[in-house]
Amino acid sequence: MNEPLFAVRPAVEADIPAVGAINGYYVLNTVTTFRFTLATNQELLEDFRNITKEGLPYLVATEKASNTIVGYCYTARFRPAKRGYRPTVELSIFCSHQHLSQGIGSLLLTELLRIFKEPEKYPNICLKQEPDDPGVRSIVACMALDETGPSGGLALKRFYEQFGFEQVAHLKAVGFKFNRWYAFESRCRIRQHGIQADGKVKG
Ligand SMILES: CC(C)(COP(=O)(O)OP(=O)(O)OC[C@H]1O[C@@H](n2cnc3c(N)ncnc32)[C@H](O)[C@@H]1OP(=O)(O)O)[C@@H](O)C(=O)NCCC(=O)NCCS
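Fair warning: this is a prediction, and the values are worked out from it, not measured in the lab. (Residues numbered from 1 in each chain as written. Predicted model: local features only at pLDDT ≥ 70, side-chain atom pairs only at ≥ 80, totals over all residues.)

### Thoughts on the site of the ligand
Line of reasoning, step 1. Neighbouring residues of the ligand: 19 residues in total, closest Cys-95, Gly-105, Ser-106, Ala-155 and Phe-159.
Line of reasoning, step 2. Every element with two or more residues in the shell around the ligand is listed here: strand E4 (88-95), helix H3 (104-117) and helix H4 (154-162). (Near = placed C-beta within 6 Å. Helix = DSSP H or I, 4+ residues; strand = E, 2+ residues; numbered from the N terminus.)

Given below as structure tokens:
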């Protein structure tokens, strides 16, 4: 059997400039992020510290041969200023534009979901921080609908759906970048057994 070419591990502060370089390409060239300007390393470092301080996962994928970072993913609190949204986190996942469709995104997301499934096996992960904290129940993935993207925009939908994310929202013409409007969709994966995408409890 061939040795895997890529590995996934928790990110450390020294990885952040490489994360910024991957993200920068998408900021400047695509609508996979609605930022217009590059994030500074300091901003990215603060995000990294906030996410990991919260006990949420932040992962990088490395190419084993060169030990370079070729992708990253993390979850951050969804609307963090509003406490009622604490059970929900938002996914960000990006692979280097020179390494797409090589299984790296799947590797990252598989590991991320494994962490959410069995957080007790990961000493730095803490999904419940206070006694009245219900923990993380939903992971939301948001995307602009970009018919100029791979497979007319369907590739990204397919990617999320393969991992059990179901469409829960479609917001018409809420994003504006490169002089045109974009609709925005959210897909949600419920980690807590028995809770459906519509929030009802099964059975
Ligand atoms: C989406 C993404 C993380 C998937 O990771 P990947 O390593 O390229 O994909 P994998 O090889 O693990 O899996 C392949 C699947 O990913 C999706 N995919 C592949 N390239 C893609 C791309 N450029 N854009 C969107 N989805 C893509 C397709 O569904 C593909 O399945 P298919 O081969 O049946 O079409 C990666 O393509 C990426 O970083 N895209 C650009 C940034 C982005 O869209 N991030 C999501 C933010 S909303």
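What follows continues from the structure just given.
### Observations concerning the pairing of E4
Line of reasoning, step 1. The alternating pattern of E4 places Val-89, Leu-91, Ile-93 and Cys-95 on a buried face, while none of Thr-88, Glu-90, Ser-92 and Phe-94, on the opposite face, is buried.
Line of reasoning, step 2. Bridge analysis of strand E3 (residues 68-77) against E4 gives seven bridges, and the strand direction is antiparallel. Looking at E4, one finds that Thr-75 is bridged to Leu-91.
Line of reasoning, step 3. Direction of pairing for E4 relative to strand E5 (residues 138-144): parallel, over a ladder of three bridges. Following the sheet pairing, Glu-90 is matched in E5 by Val-140. (Buried ≥ 20, exposed ≤ 12 C-beta atoms within 10 Å, placed from the backbone. Pairing = 2+ DSSP bridges.)

### Describing the nonpolar core
Line of reasoning, step 1. Counting 38 residues, the largest nonpolar core has Leu-59, Ala-61, Tyr-72, Cys-73 and Leu-108 as its most contacted members.
Line of reasoning, step 2. Mapped by element, the contributors of at least two residues to this core are helix H1 (16-29), strand E2 (58-63), E3, E4, H3, E5, H4 and strand E7 (180-190).
Line of reasoning, step 3. For this core, the leading source of residues is H3, giving six residues. (Core = buried A, V, L, I, M, F, W, Y, C linked by C-beta atoms within 7 Å.)

### As for the sheet that holds E7
Line of reasoning, step 1. Taken in spatial order, the seven strands line up as E1-E2-E3-E4-E5-E7-E6 in an open sheet, and their pairing is mixed. At either end of the open sheet lies a strand with only one pairing partner, and these are strand E1 (6-10) and strand E6 (166-177). Taking the axes of each pair of neighbouring strands and ignoring which way they run, one obtains an average angle of 25° across the sheet.
Line of reasoning, step 2. The sheet contact formed by E2 and E3 spans six bridges and is antiparallel. If you follow Val-60 over to E3, its bridge partner there is Tyr-72. (Axes fitted to C-alpha atoms, helices over the stretch in contact; angles between N-to-C directions.)

### With respect to H3
An α-helical turn contains 3.6 residues, so any two residues separated by three or four positions project in the same direction.
Line of reasoning, step 1. In a regular helix each residue adds 1.5 Å, so 14 residues correspond to 20 Å; H3 covers 20 Å between its end C-alpha atoms and thus fits that length.
Line of reasoning, step 2. Within the sequence span of H3, burial applies to Ile-104, Gly-105, Leu-107, Leu-108, Leu-109, Leu-112 and Phe-116.
Line of reasoning, step 3. The inward-facing, buried residues of H3 abut E1, E2, E3, E4, E5 and H4. (Expected span 1.5 Å × (residues − 1). Contact = placed C-beta atoms within 7 Å.)

### Digging into the environment of Tyr-160
Line of reasoning, step 1. Along the chain, Tyr-160 turns up in helix H4.
Line of reasoning, step 2. You can call Tyr-160 buried: it has 22 C-beta atoms within 10 Å.
Line of reasoning, step 3. Along the chain, Tyr-160 and Tyr-26 lie 134 residues apart, while their C-alpha atoms are 18 Å from each other.
Line of reasoning, step 4. Residues contacting Tyr-160, with those up to four places away along its chain left out, are Ala-141, Phe-165 and Arg-187.

### Some details on unusual backbone geometry
Line of reasoning, step 1. Although it is not a glycine, Ala-173 sits at a positive phi angle of roughly 45°.
Line of reasoning, step 2. In this structure, Phe-178 is a non-glycine residue whose phi angle is positive, near 50°.
Line of reasoning, step 3. In this fold, Phe-178 is placed in the loop between E6 and E7.
Line of reasoning, step 4. For Phe-178, a count of 10 C-beta atoms within 10 Å corresponds to the exposed category.

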